[in-house]
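Architecture and fold: a report
Single-letter residue listing:
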Amino acid sequence: MENQPRAGAVPPRPFPSAPRTVTLNEEPFLVVPPKAVTMRWLQAEYILKGVYLGLLLFVSVQAADAAPFGWPAVARTTLLIVGGLAVALGVATALKLREGYHVKGRPLTFLIFLLLESPSLVYAGALGGLVLAASWLRHGPDDVSFLVATAAGGAALGVLFGALRAVHGRGARLGLSLTLAAALVGGALAWLGQLGPLLEQLGVSPSLKNPLVDGANLTVFGVQLLLGIPAFYLLTFAGRQEETEVEIGAVCAALGLGLVMLTREVNPQLRSVGFLVPVVLYFLYTMRVLPGLRVFKHALRGLSYLQADRHRNALLSFRRALQLAPNHELARQGYWRVHCALDLERLRDDPQTLALVDFDLCLDRAGALLIEPSPSPERLREAHRLLDLVLSQRPGMRASVAYWRGVAHAHARDLDRAATCLEEVLDPSHVGAHDPQRRSVLFQAWQLALLLHDGLRQRVGLLQIAQPGRRMEAIDLVERRLAENPDDKAAWDLKRLLYQDVTEIEYDHAAPGSGLPVDGFDHGYVQQLGLALINDPARWQRGGEYLRLAARGLPAMGPSIFVQIAQAHQRAGHGEEAWHNYELAKRAGLSVGPGALSDEERQTYFATVKLLGDTALAHGQTDLAIENYQLYSESERSGLETLRTLADLYEKKGNVLAALRVTEKALVYNAKDADLLGRKDRYYYSVMPDFVRAHPAEVPGGFDVAYCLGKARAVLAGRELDLDALDWAQHLADLALAVKPESVQARVLLARALLRRGEKERAAALLEELHTAKPEKFAGGDDEEAWFVACRLLGDLYLQELSRPDLAVACYGDFRKSAKSGADTMYKLGQAHEQLGDRARALKCYEQVTAYENHPLASEAREAVYRLQAVNTT
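Residues numbered from 1 in each chain as written. Predicted model: local features only at pLDDT ≥ 70, side-chain atom pairs only at ≥ 80, totals over all residues. Heavy atoms only, no water.

1. So, the overall build of the protein
To keep it simple, the criterion reads: What counts as a helix is a DSSP run of H or I of at least four residues, what counts as a strand is a run of E of at least two, and both are numbered from the N terminus. Only the protein chains shown count as cover for residues, and all accessible areas are computed by the Shrake-Rupley method using a 1.4 Å probe.
Helices and strands together make up the secondary structure of the protein, namely 44 helices and zero strands. Just so you have it, the protein exposes about 42,000 Å², and 56% of that area is on carbon and sulfur atoms.

The structure is reproduced here in structure tokens:
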């Protein structure tokens, strides 16, 4: 077949995984036999085991009598037990051969099969031989009673065995079984009179009659007991019940009793071996051997059923073995072989066996048949039969069946039907995008449809991958596979093919909210693809598309990615597209935040916004230039000149406050820059106080109120001022007051400017408001000092301009509390009191001024004193 699917299309699985079964506890699990077995028989097994032990005890006691039995009795008893088993197996063989079973050259396997399939005959043979031996060994009426007693006691012991098996918890069964074994050995030894000296030392008188006659050969007793153990173990092996700690406890009890009898006359230290060996054997067997042996027995049972074509029972046995040990190699292989040996035609008419079939394993088997490069027609037919069976019983496995049908049709060169089957897997509308069966074979389906077969690629692969969202789903699938195994060559081959033609439209179809996967998309991989092509004159546009895809998932690398695309457009002479991508680079940096970018990406981002700013400036695009220079000013490399340029742009735009803010920031770099200082004076003069009051939110945070106050104070300190200077001082004071209405200094400076302009009434009103509304606590020392100045200025107005000496006295009185009051204030107070006609107080004020001999007003104060004294004398 042309371009047949390679073996790598689907990884073969030589052995099935453990079958999915219900969870079981640690208790033994009953495997259903080929014919219905009632609980009565299962309970009878333990009773018969107990009867066997009772009869074995009887024949051992009887054989121990020196006359008329002894060693010949041991030999005859053993031969009868073996003979009974042989007869039973012979009958079982005849029955099985009559039913149509064949040995098939495997006698040992057939023997095991007979033991497992004929437990009732095995029990009948072993017990029948033992019953014959017991009958032959009895020689009196007392022996008949003894025989009945031992058999009945054994039956009661069997019931106890069954009760112990039902105990939940392995540890509890382990301890109880060991306790029972010890009790049986101790009771038997006491019954046989072997504990007489010990009981006498304890002051206990034995109440049991010793069944052994004087002179009995206890060695014969021990040997006979030991020779009967293998047959008991064979009953355990052949039984329907799983072996538990109970059976090995009984075996160890018999072993211990037999060894004690064999070592009774040797060194006491050696006699202890008779007790220690069974205990050690018990723990070793239950801890180490029993768990594995239990699984091994089920596996053997399964193999025997398989050889005998008893597939349903083989399935049950292997499933139970795998429940106990999921990784047991023999059970796994046998389970696989049973499924391989199933007759599909007969299986449809056997619902009981059909219910046990592992359909996943059937699917694996079909895959194993189809994985070969050129399967034979017989293999193809068998694979189709398996797939038909799976689909008929498990419709939910439709997608997996469809894939394997596609492989089978491809092998048969029926490409149209193969394409139809693959389309059923690739198109999620058939079974659903998230169907687990579809997801399990989707990678292999894409691999077959796109890589492994030219005919299928044209018929289905290219058509399906072009459907919206289909490529992105396949990419997600491949990326998940590579996440689990980065060295998966098949996944890499498919990845390269899928990314080769991926487009932005396909990516956008899988955007968040579309229901299609994008998380697995390898943006770093498409970035490398784009970088490999972006400088190729013939393929740079495809490289640009790859890079745009990369930028979607690598936002922190967006600036450099879009700059590379912009540079490619510039080389191609696409000016508009180039500037568009530079703009995208800027937006990418903004979306992440310059502070979150790497050093290299941050420098690329700032270089881009500077380039955009320079270009906008060159083209007279003031707003764009401002936007980009403002962004560039955040760079540590932007410097003072960027801020100077920004101030120019804001000034051209008429945004004085913004220009002022930028200038203030620039002065941080150089506080003595003459151009910046000139700009500052110009911008503060251009800001209107009324605008500030109307739009307080637009006032920059760095507005320099101190500058306004200081500059106004310096201007007003001059003696000769023209109107322009007074306007400048008044503007600054009013501007400071607009920004900081509670400022006492600003109001005082404004009043001073008004006084210098001759607007005495406005000045007086402003000063009166200040004087009257004295705050309880000043914001600072400067405001307090300004308030005292307001008192002095208002006093001067009252005294010299408004002819209100009474009010002047109050103002000067407040000003006297200032540290800056002195002889001048006292002289003015004297004038105010004199105008009020209070000569006494005026005289005191003038006299205080005369104390300052070097003060300019000292002479005038003395003249006033002489004048007032002369008036008083007259």
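Having seen it, we continue.
2. Regarding the packing of aromatic side chains
Applicable threshold: A pair of Phe, Tyr and Trp rings is counted when the ring centres sit within 6.5 Å of each other, with Trp represented by its six-membered ring. The angle between the planes then sorts it: under 30 degrees is stacked, over 60 is edge-to-face, the rest tilted. Between buried and exposed lies partly exposed: a residue is buried under 20% and exposed over 50% of the maximum accessible area for its type, with that area taken using a 1.4 Å probe on protein chains only. Ring-over charges, as used throughout, are those where CZ of Arg or NZ of Lys falls within 6 Å of the ring centre and within 35 degrees of the ring normal.
Tallied over the full model, the rule gives 15 aromatic pairs. Ring centres of tyrosine 499 and tyrosine 525 lie 5.0 Å apart, and the angle between their planes is 70°; on these two criteria the pair is classed as edge-to-face. In this pair, tyrosine 499 sits in helix α24 (residues 489-500) while tyrosine 525 sits in helix α26 (residues 523-533), placing the two residues 26 residues apart along the sequence. For the pair tyrosine 499 and tyrosine 525, one class covers both residues: buried. Feature note: the residues Trp492, Tyr499, Tyr507, Phe521 and Tyr525 constitute an aromatic cluster, connected by ring pairs. Lying across the ring of phenylalanine 443, arginine 481 places its NZ or CZ 3.9 Å from the centre. The ring of tyrosine 546 has arginine 542 sitting right over it, with the charged end atom 4.0 Å from the ring centre.

3. Digging into helix α29 (residues 575-592)
Count 3.6 residues to each turn of an α-helix, and residues three or four apart come out pointing the same way. Rules: Under the convention used throughout, the expected extent of a helix is 1.5 Å for every residue step, that is, one less than its residue count.
In a regular helix each residue adds 1.5 Å, so 18 residues correspond to 26 Å; α29 covers 26 Å between its end C-alpha atoms and thus fits that length. Looking at the residues trailing α29, positive phi occurs at glycine 593, about 100°.

4. Focus on the nonpolar core
Using the following cut-off: Residues belong to one nonpolar core when they are buried, are Ala, Val, Leu, Ile, Met, Phe, Trp, Tyr or Cys, and are joined through side-chain atoms within 4.5 Å.
Counting 166 residues, the largest nonpolar core has Tyr52, Phe221, Tyr403, Trp446 and Leu456 as the members making the most contacts within it. By size, the runner-up hydrophobic cluster in this structure holds 85 residues, among which are Ala658, Leu749, Ala764 and Leu843.

5. Examining the packing of helix α27 (residues 540-553) against helix α28 (residues 558-571)
Applied cut-off: An axis is simply a line fitted to the C-alpha atoms; with a helix, the fit covers only the stretch in contact. Between two such axes, the angle follows the N-to-C directions and lies from 0 to 180 degrees. Here roughly perpendicular refers to angles of 65 to 115 degrees, roughly parallel to angles under 35, roughly antiparallel to angles over 145, and oblique to all remaining angles. Should the near helix be turned anticlockwise from the far one by less than a right angle, the crossing is left-handed, and should it be turned clockwise, the crossing is right-handed. Residues are treated as being in contact if the distance between any of their heavy atoms lies within 4.5 Å. When residues are grouped by polarity, Ala, Val, Leu, Ile, Met, Phe, Trp, Tyr, Cys and Pro land in nonpolar, Asp, Glu, Lys and Arg in charged, and all others, Gly among them, in polar.
Relative orientation of the contacting elements α27 and α28 amounts to 160°, with a least axis distance of 9 Å. Taken together, the axes of α27 and α28 lie roughly antiparallel to each other. Remark: the crossing between α27 and α28 carries left-handed chirality. Taken together, the residues of α28 that come into contact with α27 (itself represented by Trp540, Gly544, Leu547, Arg548, Ala550 and Ala551) are Ile561, Phe562, Gln564, Ile565, Ala568 and His569. When the residues that make up the contact of α27 with α28 are grouped by side-chain class, the tally is eight nonpolar, three polar and one charged.

6. Things to note about the pattern of salt bridges
This is how it is decided: The salt bridge criterion pairs a side-chain nitrogen of Lys or Arg with a carboxyl oxygen of Asp or Glu, the two atoms within 4 Å.
Under the defined criterion, the tally for this structure stands at 51 salt bridges. In this structure, arginine 762 engages glutamate 759 in a salt bridge whose closest nitrogen and oxygen atoms are separated by 2.9 Å. Each of Glu641, Arg644, Asp648, Glu651, Asp673, Asp675, Arg679 and Arg682 takes part in salt bridges that share partners, so that together they form one network.

7. Description of the side chain of glutamate 245
Put simply, the rule is: Polar contact is the term for a pair of N or O atoms within 3.5 Å; when the atoms are in protein, one must be able to donate a hydrogen and the other to accept it, and sequence-neighboring residues count only if both atoms are side-chain atoms.
Position of glutamate 245 relative to the elements: it lies in helix α10 (residues 245-262). A distance of 3.1 Å separates a polar atom in the side chain of glutamate 245 from a polar atom in the side chain of arginine 173. Residues contacting glutamate 245, with those up to four places away along its chain left out, are Arg170, Arg173, Leu174, Ser177, Tyr282, Thr286 and Leu290.

8. Overview of the environment of valine 277
Secondary-structure assignment places valine 277 in helix α12 (residues 273-307). Taking C-alpha positions, valine 277 is 7.5 Å from glycine 256, a pair spaced 21 residues apart along the chain.

9. Notes on the state of the cysteines
Put simply, the rule is: Throughout, a disulfide means two cysteine sulfur atoms within 2.5 Å of one another.
Enumeration according to the criterion identifies zero disulfides in this entry. With no disulfide of its own, cysteine 811 lies closest to cysteine 791 among cysteine sulfurs, the gap being 6.1 Å. On the basis of relative accessible area, cysteine 811 is assigned to the buried category, the value being 1%.

10. Details of the packing of helix α31 (residues 622-632) against helix α32 (residues 639-653)
Packed helices, taken two at a time, are described by the angle their axes make and the gap between the axes. Where α31 contacts α32, the two axes come as close as 10 Å, and the packing angle between them is 150°. The angle between α31 and α32 places the two elements in the roughly antiparallel class. In this structure, α31 meets α32 at a crossing whose hand is left-handed. Residues Thr622, Asp623, Ala625, Ile626, Tyr629, Gln630 and Tyr632 of α31 pack against Thr642, Thr645, Leu646, Leu649, Tyr650 and Lys653 of α32. Its residues placed into classes, the contact of α31 with α32 shows seven nonpolar, four polar and two charged.

11. Focus on the environment of glutamate 504
Tracing the sequence through the fold places glutamate 504 in helix α25 (residues 504-509). Dropping the residues within four chain positions of it, glutamate 504 is found in contact with Glu545, Arg548, Leu549 and Arg552. Of note is the side chain of glutamate 504, whose polar atom sits 3.1 Å from the side chain of arginine 552.

12. Some remarks on unusual backbone geometry
With glycine set apart, most residues show a phi of negative sign, and most peptide bonds adopt trans. Phi angles above zero are rare outside glycine, and arginine 413 is one such case at about 65°. With respect to the secondary-structure elements, arginine 413 resides in the loop between α19 (398-411) and α20 (415-426).

13. Quick notes on α20
Look at α20: 16 Å from first C-alpha to last across twelve residues, which is about the 16 Å you get at 1.5 Å a residue. Residues of α20 that are buried sit in contact with α19, α21 (436-452), α22 (454-465) and α23 (470-484).

14. Quick notes on the confidence of the model for the protein
Where the model shows low pLDDT, its predicted coordinates should not be examined in detail. Put simply, the rule reads: Known as pLDDT, the predictor's confidence for each residue is given on a scale from 0 to 100.
Model confidence for the protein is summarised by a mean pLDDT of 83, while 88% of its residues fall at 70 or above. Averaged pLDDT values for the elements of the protein fall to 52 in helix α7 (residues 196-201) and rise to 96 in α28. Overall, residues 1-39 carries pLDDT values under 50, and its contacts beyond four positions in sequence, including any with other chains, amount to 90 contacts. Predicted confidence is poor over residues 201-205, with pLDDT under 50, and the contacts of this stretch with residues over four places away or in other chains come to one contact.

15. So, the side chain of asparagine 628
When you line up the elements, asparagine 628 lands in helix α31. Separated by 3.3 Å, the side chains of asparagine 628 and lysine 586 make a polar contact. Filtering out sequence-adjacent residues up to four positions away, asparagine 628 remains in contact with Lys586, Val609, Leu612 and Gly613.

16. Things to note about the environment of alanine 694
With respect to the secondary-structure elements, alanine 694 resides in helix α35 (residues 689-694). Sequence-wise, alanine 694 and alanine 738 are 44 residues apart; in three dimensions their C-alpha atoms are separated by 9.4 Å.

17. Structural notes on a nonpolar patch on the surface
We apply this condition: Without a salt bridge and with relative accessible area above 30%, a residue can belong to a patch; like charges are then joined within 9 Å and nonpolar side chains (Val, Leu, Ile, Met, Phe, Trp, Tyr) within 5 Å.
Taken together, the side chains of Val87, Val91 and Leu95 make up a nonpolar region of the molecular surface, amounting to roughly 250 Å² of accessible area. Here leucine 95 lies in helix α2 (residues 71-98). Given the relative accessible area of 41%, leucine 95 is considered partly exposed.

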